[in-house]
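# Structural features, examined
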Amino acid sequence: MLETDLAESPVKGQALRQRLRNFRPDPESAVRALGGPLFWMRRLRAIEDAVAQHERQLDIAWHELAEETDDPDEFARLWRETAYGWSFAEVNRLITRHNRNFPAEARLPMDPKTRDFIRVNGRSYERKPLDASWILARWPARRPG
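Heads up: these notes are all about the structure in this document. Bear in mind the structure is a predicted one, so any value in this text is a computation, not a measurement.

Helix-helix packing is characterised by the crossing angle of the two axes and by the distance between the axes. Interaxial distance between helix H3 (residues 39-68) and helix H5 (residues 89-105) falls to 10 Å at its minimum, and their mutual angle equals 155°. Regarding the angle of H3 to H5, the classification is roughly antiparallel. Both H3 and H5 take part in a crossing whose hand is left-handed. Contacts from Phe 39, Trp 40, Arg 43, Leu 44, Ala 46, Ile 47, Ala 50, Val 51 and His 54 of H3 reach H5 at Val 91, Leu 94, Ile 95, Arg 97, His 98, Asn 101, Phe 102 and Glu 105. A breakdown of the residues in the contact of H3 with H5 according to their chemical character gives eleven nonpolar, three polar and three charged.

Time to look at the layout of surface pockets. Of the voids in this model, the largest pocket is the one considered here, and its volume is about 430 Å³. Lining the largest pocket are 21 residues, with Glu 48, Arg 123, Tyr 125, Glu 126 and Arg 127 sitting closest to its centre. In terms of residue count, the dominant contributor to the lining of the largest pocket is H3 (six residues). When its residues are assigned to classes, the lining of the largest pocket shows eleven nonpolar, three polar and seven charged.

Before going further, it helps to examine the environment of Asp 71. Structurally, Asp 71 is set in the loop between H3 and helix H4 (72-85). According to the relative accessible area criterion, Asp 71 is partly exposed, its value standing at 40%. Asp 71 sits 72 residues away from Arg 143 along the chain, and the two C-alpha atoms are 8.5 Å apart.

Before going further, it helps to examine the nonpolar core. By size, the foremost hydrophobic cluster in this structure holds 25 residues, and its most contacted members are Trp 79, Trp 134 and Ile 135. Those elements that provide at least two residues to this core are H3, H4, H5 and helix H6 (132-138). With eight residues, the top contributor of residues to this core is H3. The residues contacting Trp 134, other than those within four sequence positions of it, are Val 51, Glu 55, Leu 58, Phe 88 and Trp 139.

Turning our eyes to something else, we now look at the packing of aromatic side chains. Geometry of an aromatic ring pair is reported as the spacing of the ring centres plus the angle between the planes. Overall, the coordinates contain six aromatic pairs when judged by the stated rule. Pairing Trp 40 with Phe 102 gives two aromatic rings, centres 5.0 Å apart and planes at 80°, and the pair type is edge-to-face. Separated by 62 residues along the polypeptide, Trp 40 in helix H3 and Phe 102 in helix H5 bring together distant segments of the chain. With a centroid separation of 5.6 Å and an interplanar angle of 90°, the aromatic rings of Phe 88 and Trp 134 are classed as edge-to-face. Here Phe 88 is found in the loop between H4 and H5, whereas its partner Trp 134 is found in helix H6, with 46 residues between them in sequence. By relative accessible area, which is 5% here, Phe 88 ends up buried.

Thresholds applied
Residues numbered from 1 in each chain as written. Predicted model: local features only at pLDDT ≥ 70, side-chain atom pairs only at ≥ 80, totals over all residues. Heavy atoms only, no water. Axes fitted to C-alpha atoms, helices over the stretch in contact; angles between N-to-C directions. Helix = DSSP H or I, 4+ residues; strand = E, 2+ residues; numbered from the N terminus. Parallel < 35°, antiparallel > 145°, perpendicular 65-115°, else oblique. Left-handed = near helix turned anticlockwise from the far one by under 90°. Contact = heavy atoms within 4.5 Å. Nonpolar A, V, L, I, M, F, W, Y, C, P; charged D, E, K, R; others polar. 1 Å grid on protein atoms, 1.4 Å probe; cavity = no way out; pocket = protein on both sides within 12 Å on 5 of 7 lines; lining within 4 Å. Points joined across faces, edges and corners; volume = space filled by probe spheres on them. Buried < 20%, exposed > 50% of the residue type's maximum accessible area, 1.4 Å probe, protein only. Core = buried A, V, L, I, M, F, W, Y, C linked by side-chain atoms within 4.5 Å. Phe/Tyr/Trp six-rings, centres within 6.5 Å; stacked < 30°, edge-to-face > 60°.

Set out below in structure tokens:
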């Protein structure tokens, strides 16, 4: 918008300074975008969905066990048994595949100082597999209240 256009514009105030962008989208990214979400994006979504499903099931199981068991020691024993017996096989396979393939699929650049891939939003791209300690950190082995 030129300054002469501002005078005729219904918007009042000072003209915004022009912000120059120091990038141009490459044709390869446009072609990749035509196929929809990339494979690593779909896999991350599948991991998040699977984790959310486990969280729902574990929350129900924890509350049901708390209602059924009055003895705190018995509750702790039964909940630990449940936690150590819980299967995360499917989601952990997805997490392993993500940790192995994500850097190449997402074309992460390398950090020459650390000789590792750069951090994504300040965090490592790797996900930790889920296990009993993950369960017990979120749902402790003690009765509520």
